[in-house]
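The primary structure of each chain is shown beneath.
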Amino acid sequence: LVLSTTTGVRVRTLESLHSSLQNLKVDGDNNNNNNQWMHDVPLPPDGATYAQLLHSTSLLAVVKPSTPRCCYLYNAKNASSSLAALPLSAAVKRVELQRRVLVAMTV
């Protein structure tokens, strides 16, 4: 599960989501367990409008609201700076990643 927010990107595994739901049923409380997040990538100042994680890796493609015509690649485990910035001629609406191919769908 990949969530794009105004502060960055949060990535969670389905296993951790399942265990959180089980703990919620057992404990009966509504506490948010932040340790269940697999990756938490802060992207100041404006966060992300779209993010996609390459399956079974930590490569993360991100589109920021301040630069909608640029796709940034991050290592989700160590996201202190972007690995690459890919400028495009139109605003990016979606990004698809495979092992050898990155496809950016534009307007």
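As a starting point, this report considers the structure included with it. (Residues numbered from 1 in each chain as written. Predicted model: local features only at pLDDT ≥ 70, side-chain atom pairs only at ≥ 80, totals over all residues. Heavy atoms only, no water.)

This next bit is on the pairing of strand S8 (residues 92-97). Across a regular strand the side chains alternate sides, sitting on one face of the sheet and then on the other. The pairing of S8 with strand S9 (residues 102-106) spans 5 bridges and is classified as antiparallel. Its bridge partner being in S9, glutamate 96 is matched across the sheet by valine 103. If you look at the hairpin formed by S8 and S9, you'll find 4 residues sitting between the two strands. (Pairing = 2+ DSSP bridges. Helix = DSSP H or I, 4+ residues; strand = E, 2+ residues; numbered from the N terminus.)

Looking now at the nonpolar core. Judged by nonpolar contacts, the single largest core of 14 residues is most densely connected at Val9, Val41, Leu43, Leu60, Val62 and Tyr74. Looking at this core, the elements with two or more residues in it are strand S2 (8-11), strand S4 (50-53), strand S5 (59-64) and strand S6 (67-75). Here the element with the most residues in this core is S6; it accounts for 3 residues. Beyond its immediate chain neighbours, meaning those up to four positions away, valine 41 contacts Thr7, Gly8, Val9, Leu60, Ala76 and Ala79. Within the second largest apolar cluster, 9 residues are counted, among which are Leu54, Val63, Val92 and Val95. (Core = buried A, V, L, I, M, F, W, Y, C linked by side-chain atoms within 4.5 Å. Buried < 20%, exposed > 50% of the residue type's maximum accessible area, 1.4 Å probe, protein only. Contact = heavy atoms within 4.5 Å.)

Of all residues except glycine, most have a negative phi; of all peptide bonds, most are trans. In this chain, proline 44 is followed by proline 45 through a cis amide linkage whose omega measures 5°. Tracing the backbone shows proline 45 in the loop between strand S3 (39-42) and S4.

It is worth spelling out the sheet that holds strand S1 (residues 2-4) at this point. Strand pairing in a sheet takes place through backbone hydrogen bonds and is either antiparallel or parallel in direction. One open sheet accounts for 3 strands, arranged S1-S2-S3; its pairing is antiparallel. The open sheet has two edge strands with one neighbour each: S1 and S3. Recorded for the sheet is a direction-independent mean angle of 10° between the axes of neighbouring strands. Here 3 bridges tie S1 to S2, and the two strands are oriented antiparallel to one another. Looking at S2, one finds that valine 2 is bridged to valine 11. (Axes fitted to C-alpha atoms, helices over the stretch in contact; angles between N-to-C directions.)

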